[in-house]
Structure formats: structure tokens, C-alpha cells
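Residue-level structural notes
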Amino acid sequence: MAKQGEQVCVVKGWQEGPVIDESTLKDDLTRHFYYTLGRDKVGESQHYLYHALALTIRDRLVARCRETNQQIKQDKRRKTAYLSLEFLMGRALGNAVLNLDLDEQVSAALQEYCTSVETIEDAEHDAGLGNGGLGRLAACFLDSCASLALPVVGYGLRYEYGMFNQSIKDGNQIEQPDNWLREGHPWELSAPEHAKRVKFGGYVQSYTDKYAREHRQWISSQDVLAVPYDVPVPGYKNNIVNTLRLWKSEATDEFNLTEFNAGSYSEAVAQKNLAEQITMVLYPNDSSENGKELRLRQQYFLSSASIQDIVDQWVSQHGENFTDFADYHVFQLNDTHPSIAVAELMRILIDDYELDWDDAWQITTKTMAYTNHTLLPEALEKWSVSLFAKLLPRILEIVFEINARFLAQVAQQWPGDVEKQRALSLIEESDEPQIRMAYLAIVGSYSVNGVAALHTELLKAGLFKEFYELWPNKFNNKTNGVTPRRWLAHCNVSLSELISEKIGKDWVKEFSKISDLRRFYDDKKFHGQWQNAKRENKQRLVDLVKARCDVEFDVSMMFDVQVKRIHEYKRQLLNILHVIHLYDRIRRGDTQGIVPRCVLLGGKAAPGYYMAKKIIKLINNVAEVINKDPLAAPYLRVAFLPNYNVTAMETICPATDLSEQVSTAGKEASGTGNMKFMMNGALTIGTLDGANIEIRDAVGADNFFLFGAQAHEIDDIKSRYNPEHIIAQNSDLNNVMQLLQSGHFNLFEPCLFEDITNSIKSPHDPWLTAHDFESYVAAQKEVDKAYADQTYWTQMSILNTAASGMFSSDRTISQYSEDIWHLEPLNISETDLTTTTSHATNSLD
Ligand SMILES: *Cc1c(COP(=O)(O)O)cnc(C)c1O
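None of these values were measured; they are calculated from a predicted model.

Turning next to the overall build of the protein chain. Looking only at helices and strands, one finds 34 helices and 25 strands in the protein chain. Whereas a compact globule of 845 residues would reach a radius of gyration of roughly 28 Å, the protein chain reaches 28 Å, a difference of no more than 12%. Within the protein chain, buried positions represent 60% of all 845 residues. Put simply, of all contacts in the protein chain between residues at least 6 apart along the chain, 78% involve residues at least 24 apart.

Another point: the nonpolar core. Core analysis: the largest hydrophobic core is formed by 137 residues, its most contacted members being I57, F322, F388, L392, F406, F467 and W821. Top contributing element to this core by residue count: helix α9 (residues 293–318), with 10 residues. Other than its neighbours up to four places away in sequence, F467 contacts F406, L424, Y439, I442, V443 and F475. Counting 64 residues, the second-largest nonpolar core is a separate cluster that includes L601, I685, A709 and I717.

We now examine the site of the ligand. Taken together, 13 residues sit near the ligand, with K564, K570, T672, G673 and K676 positioned nearest. Within the side chain of K564, a nitrogen or oxygen atom sits 2.8 Å from an oxygen atom of the ligand. Note that an oxygen atom of the ligand is positioned 2.6 Å from one of the side-chain N or O atoms of K676. Bound to the protein, the ligand loses 96% of the 380 Å² it would expose on its own.

What follows is about the sheet that holds strand β25 (residues 705–706). One open sheet holds the 6 strands; their spatial order is β22-β21-β20-β23-β24-β25, and the pairing between them is parallel. The sheet terminates laterally at β22 (636–641) and β25, the two strands that pair on one side only. Examined bridge by bridge, strand β24 (residues 683–686) and β25 share 2 bridges and lie parallel to one another. Looking at the pairing, G686 lines up with L706 of β25. Each of β20 (558–563), β21 (597–602) and β22 touches helix α24 (residues 646–655); the most contacted strand, β20, lies at about 140 degrees to it.

This paragraph deals with the side chain of Q795. Within the secondary structure layout, Q795 lies in helix α32 (residues 790–802). Looking at Q795, the relative accessible area reads 16%, which means it is buried. Within the structure, the side chain of Q795 is placed 2.8 Å from the side chain of D522, a separation counted as a polar contact. For Q795, the contacting residues outside a window of four places in its chain are Y521, D522 and H527.

Where strand β5 (residues 165–169) and strand β6 (residues 172–176) come together, 5 bridges link them in antiparallel fashion. Of the residues in β6, the one forming a bridge with Q166 is E175. Between β5 and β6, which pair antiparallel one after the other, the connecting turn spans 2 residues, and D170 there sits at a positive phi close to 50 degrees.

Residues of strand β2 (residues 87–90) alternate between two faces, with F87 and M89 on one and L88 and G90 on the opposite face, all of them buried. Bridging between β2 and strand β3 (residues 127–129) involves 3 bridges; their strand directions are antiparallel. Among the inter-strand pairings, G90 is bridged to a residue of β3, identified as A127.

Direction vectors running N to C along α9 and helix α11 (residues 341–352) enclose 45 degrees, while the axes themselves pass 9 Å from each other. Accordingly, the angle class assigned to the pair α9 and α11 is oblique. Of the two elements, α9 crosses α11, and the hand of that crossing is right-handed. Together, Y300, S303, S304, I307, Q308 and V311 of α9 and A341, E344, L345, R347 and I348 of α11 make up the contact between the two elements. Residues that form the contact of α9 with α11 fall into these classes: 6 nonpolar, 3 polar and 2 charged.

As a further point, take the UniProt feature "modified residue: N6-(pyridoxal phosphate)lysine" (unreviewed entry) in the protein chain. The feature "modified residue: N6-(pyridoxal phosphate)lysine" (unreviewed entry), as annotated in UniProt, sits at K676 in this numbering. You can see K676 is positioned in helix α25 (residues 673–679). Apart from residues lying up to four places away in sequence, K676 is in contact with R136, V482, W487, M649 and C653.

Attention shifts here to the packing of aromatic side chains. One pass over the structure, following the stated rule, counts 28 aromatic pairs. Ring geometry for Y468 against F475: centres 5.6 Å apart, planes inclined by 85 degrees, an arrangement best described as edge-to-face. By relative accessible area, F475 is classed as buried at 8%. Between the aromatic rings of F520 and F526, the centroid separation amounts to 5.5 Å while the plane-to-plane angle is 45 degrees, which identifies the pairing as tilted. In this structure F520 comes out as buried when scored by relative accessible area, which is 13%. Judged by relative accessible area, which is 0%, F526 ranks as buried.

Parameters and conventions
Residues numbered from 1 in each chain as written. Predicted model: local features only at pLDDT ≥ 70, side-chain atom pairs only at ≥ 80, totals over all residues. Heavy atoms only, no water. Helix = DSSP H or I, 4+ residues; strand = E, 2+ residues; numbered from the N terminus. Rg over C-alpha atoms; globule rule 2.2 N^0.38 Å. Buried < 20%, exposed > 50% of the residue type's maximum accessible area, 1.4 Å probe, protein only. Contact = heavy atoms within 4.5 Å. Core = buried A, V, L, I, M, F, W, Y, C linked by side-chain atoms within 4.5 Å. Near = heavy atom within 4 Å. Polar contact = N/O pair within 3.5 Å; in protein donor to acceptor, adjacent residues only side chain to side chain. Areas by Shrake-Rupley, 256 points an atom, 1.4 Å probe, with all protein chains shown as cover. Pairing = 2+ DSSP bridges. Axes fitted to C-alpha atoms, helices over the stretch in contact; angles between N-to-C directions. Parallel < 35°, antiparallel > 145°, perpendicular 65-115°, else oblique. Left-handed = near helix turned anticlockwise from the far one by under 90°. Nonpolar A, V, L, I, M, F, W, Y, C, P; charged D, E, K, R; others polar. UniProt positions renumbered as here; feature names shortened; annotations may be inferred. Phe/Tyr/Trp six-rings, centres within 6.5 Å; stacked < 30°, edge-to-face > 60°.

Pasting the structure below:
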């Protein structure tokens, strides 16, 4: 995209012939720009320059990536395959520059082109291959694994279309396809020589081998090709570059040929589409299952291709002897999405390598580990047996066999208890029997973990209680984390420089050192510097909000932010009720003690999630009314930022004063947005839910704004819940409801928000919005009081950053490695690298 006032910059030396000296980054950049991409002018678009820079940096990653893979192979190391349907990577350029320590070289090179990294990086599309927290967690984990030098390979899908782009029209969400590959993806290297075949359909038959052994054979299947695209994952200044292997689905040639020979050329080519559909689009549902056949195809496609890949590598190195296989492999399943891998590994071992059941089961249950991400019933995946029978007939047989053997075990533990059998069966019996994927994952794994302390306790006491009784040692907690490289060092340069000036630079690698900041919490000069850094970051957000929402934020006001997927359990509604309450106070002239604030909300709603979309519309309508009212302007401004994504968060979290983490207690498994905000010095207003509890423990109750019902109180509250009564008793809430119901925010759209007001008033409201309103408003008053004393606020802000050490995903990954994976770190020195060349090739192994 051409920028205004931009001039064309022709770099001297290009006309003088090819640049062959590759010794400096600048020369490589020019070579890629001039030869690889065939360009000679910058100006119309920064795209080609970005592309050339990405290739230049990729060259430097490739040598390290090859070395990393060699070392894993040579030393016969134990490694982990992290299987995830989602990797919400965001942009790669800035992160690679940081991790490879190329900042100065890149800046110098770009000066020749009259530009800077900050400008160039805007040409990069986010790799939005995920919905939200779960996918971003996978991305943070990859960064931490590489930075801790652990041999971990990510396996995912190369969706042609990632998370949809959101725009707002008349206050409503509009979804647009995210064609992120349109301009090419310079980071990836395809490796078609390692393509795998994945079976679908067909049927199963028995055959007897020459030793009179019976086998099952999956035949007449319609195979789809899985072609790997490798994305390098650089560790922080340690020469390690791990791999994220993303599978793209393609038609097999034979597939087409059969039809072609039968004379139906066009039909054969059309079939290609069916195969390619599998990785065409990411399902945009966060925390709710979808149930579509194509989604099951995606899950099996990822699981099968990834397991084949690992098994093929094993066989090529060790032959068909699987005795030691489990000593060298772990498959970490990111939620139940890839849990079919349990049955797939069994199938490969039994059908392809003729292991007997018990040996295959030993291997499977010593290599699979499962992470649970949610307690929400609507997110628990089930697939109908009939769909399995049609799509994956051999896998269904294996699931049935796993279940039969498991139920025998249940019968031993609870003799004669038919109810237990029914409750624990992998098959939920009903008119349309369903396979419970979480149960398959638990039965097939040696480790089951939750993602925050409360979440794991709730799993053990509730959803998975019987499994916990059966196998207490399988269950463990791994509280989530976020990478301090992207979420502080890269996204908040002004604060990072200040921190490094005070405590040195080691915190980027050893984030527990961030606690050294505590020494300065009372240092007046430091307070000023801390506030200046925040102000700079706020100005960047002011510019973004102005550009995207046409709303004027003001750096002198408090920035109150809630950005995350829109979901009823996350209670954006409670936030907006508070906004309406503030507006009501302003209108009534009750402005005593109100601290001026700018409230920012953002997030995508699943396209089929009616209430979430209504909530977006409500936020936008409320914002419109408030922002137009001159009475409100000095106190309150509201904006909904369209298309919340990783890149937006990199501008948002450094600028935030107050982080809204207000989910109904017991519903948010962990949250990771809460951690990004804390690292960047925001204070949290939140419920005792997910990792909020651990955040509050770490920073101290005095530095956290707590409100709301607790998880253990919820059932009791629900049993006698009467929101209409609460509304009648609470004049603040009553005023808010009156404003909503009188159509104040929908003058020309009658009844628009009836479903919302009714949900608040319903005695069956599972989110208890009315219940928590009063304590939320009280906590917000405490926020105002605290913010009014800037010294006090700044102290708390420093303490939050200083206490965020344990929320680094480095800590999380160390625990995964220590307790579940048992990996040894790699070690690559500079001299290891000089023996390899630094040219891009098509294969890294
Ligand atoms: C961190 C992050 C999330 C997760 O946010 P929560 O508040 O934990 O739900 C979702 N989306 C993006 C883009 C993120 O960066």
C-alpha cells in the first residue's frame, strides 16, 4: 500500500551490476530485492522490501534450523511433537529480528532504502491460524521451547484462510475472508518430498498373513496428500531454530488418474477441490464445538500426517523395531482437537507395522499427553459414531476396542456398577451414539493437565472426577504463560529499555529476574520514567483508535481495556453495564470522584454466535451515544476496536492502565491476555477465575482489584437467583436497565437489545451478570481512587510487572519438560554453524 508523501527511493549501486558479496545483511537484502523478487524501486509498496528482508532473515534461520535438526537426529534425542489445530503466530519479522539480535544490522540496511523496520513490518500479514487464547498459547510455547533449546516440533495446518477479518458496519460485525497467503508467505519452506497420504472413507476387511495371523486392512479409501510447509521458530539468541510444520492438503495424482482414464477428466480435476478443501479454512469457533464433517477431516488429517511423519523418521533411522520408540517421543495434544491421534498411532503400529495390541497400547499410552483447555460443556467435543463409520471406518474399530478394554478396567474398579460404565464409556449412548473425544484423550494418555491451578482442581473434582479416582497420577497442572520476548521486549520498547537500564538485559532470557524491579518501586525518578514510557505507548494507541474507530482518546485519561474473543462467559456485557452506569452518573451530574477514562473493547464473535454479535452491536451503540455527548467528553470515551488480533494486542497491552478480566468464576480456564497486561504494568480488575487467582497471589491482594462471586459459591447462588429482585434493590443497576430498556442506545432500532436485557433478568442466566454488578461497580470506584493518586498507581504498576515472572511461558514450558516431556536442552555454538552454509534450500533435514 502506498503511503502518503512517500517518495521513490532508488538505491545506488543497483544499476552497476549484481551484488555478489553476501557477507552483510544489507547485501543479502539487496540481492533478494533485486534478483529473487526482481524489483528495483521502493515506494509504491513496502511489500517487496518486506519480502526481501524476510528472505534475508530466513537465510540466517535456515542454517540454524538445519543444525538444530541434525543435532536432534545425531544425538538420538527424545523430542516432543506439539499437535495443535491452531497456531496464532501473528507477525514473524519483528520477533525474528529480536531473537536473532539483528536489530542494528537491519536498521542500518533499511536506512539505504530510506525506511525503518517499524514501517516495513506493517507490510506483513498476521499468521492468524487460530481463534484466540488456545492458538496463541501454542505460539508462545513454540517461542519458549526454542528459547529453552528444547527439541520440540510444532504440527499444525496451513489454512489457506485464517481467522476472518472483522470490520464494523452500523455497529455490527462483518466477517471478511483472511486471504493471508495472497502475497506469499516468505518464511515457509515446502518439503513435498515428505508428503504423507491420509485415508478417508472406504472400508475394512480381514486378511490372514503367511504366519496365519489375522489382520485388518483399510481399503478403497480416498486418499488425500498432506504436504508439509516448514516455518522456522527461532530461539532467543541461542542459535536454536525449531520447526513448525504446517500441512497443506492436496489431491493425490492417482486419485485423478483413475477418473481420467475412465474418461471423466473434468470430474477428476473437480475432485481436486474436495481434497484441497480440508485445509482451506480455519473454523472460527472459540470455546464451542462445531460438529461439521470437514472439521473432523481436519482433525484426522493433522493427526495422521503428523504421526506418520514421526513414525517414518523413526523407521528410516531405526528400522521397524519400536521397542524404544516411547523413550524418544512425546505427543502433546493441545485440547481434544487432535485426540484422534491416540487411535491413529494404534492403527499405524498395528496395521502398518504388525505390532500386537498390547505392545501398541503400551507405546501409545507412554507417548500421548493431553492438555484440557475448558470446562464449558458446549466446548466438549463429540463426534457421531455414524460419521466415524463413514469417514474413518478403521479408526472407529480401534476406538471400540480401546473402549471395550477400558470398560473392563472400569468393571474391575467398580464391580457391578452399570451406571459407572455408562458414565465413563468413550461412547455416549443415545439415539445417535457419540464418541467422547476428551475420554479418548484421557484413556490414551499418560498425562492430563489443566492450564491454571483452579482449572485443574475443578477438572479433578468435577468433569473428570472418576478418571481422577482411577488414575490420580495422570493429572497435573501447568499454569499457562506468555512469551516475554513478544509480549514485553518486542511490543514495549520504551519500557523494555527502561527495565534493562535498571536491572540489565538478562530478564529477556531469564524472566524471573524481572522481580529485581521491585527495588525501584519507591524511586521517584524511576516513577517519572515509568510514566513517560506508559504515555508514549498510550499515544501509539491513541493514534490507532483514531485511525480505526475515529474516536479521540486522550493520554491523560485512564485506559481501561477489555480485548478478547466475545463470549458471554467473558462478560463484556458486565463491562458495558459499568460504562452505562458511569454515563448515567455523568448525566445526573454525579461526577464526584470519577476519574476520566477511555474504555476500549475489542474482539471477534464466532459468526454463528447470536448473543456475542448482539453484544458487539450494543457496545458500538453505547459508544456512539457517549462519544457524541459533550457532557461525557471530559469523563468518558468508548471505542470498539475492529479486528482484534495479535498485532493489535502488541499496541494495546503496553498502553493499558486497567486490564479487565471479569469472567464468571469457574469459566475461564486460565486466560493469557491477563498475563500480557500484567507484564506491561497494567493493574487488573478481575474475578477469582483462572490464572487471575495466581496473578493476585503473585502481586498481592493490595495491588489487584477483586470483585464477584467465587467459583465455589456459584451453584448456591444459582439455586436462588433472582436478578429482577437484585435490579429492584440496586438503584445503579436499575438506572442502567432503564436506559437500556427505554431505547436510549437504539432510538431508531426498537427492541434491538431485548434479548440482552432479558438474559440479564433471567433467573437462569448462567453468567450471573446482575449478581456481580454491585461488587464490580464498587471495585471500579476503588480503581478511580487509586488512579487519582498517580504515585500510588505507578508503584502498583511497577509491582505488577515485577511480579509477572512466573507468567512467562518459559516457566510453563520448563514445567512441561520437567514433569511430562523429560527433554534435554540442545546446545549449538557459533562454530557449529560456520561448518554449514547459509543458503536457503528446500529441505531442512
Ligand atoms: C492473548 C490473546 C488472546 C487470549 O486472550 P484472553 O484474554 O486470555 O482470552 C486472544 N486473542 C489474541 C489475539 C491474543 O493475543
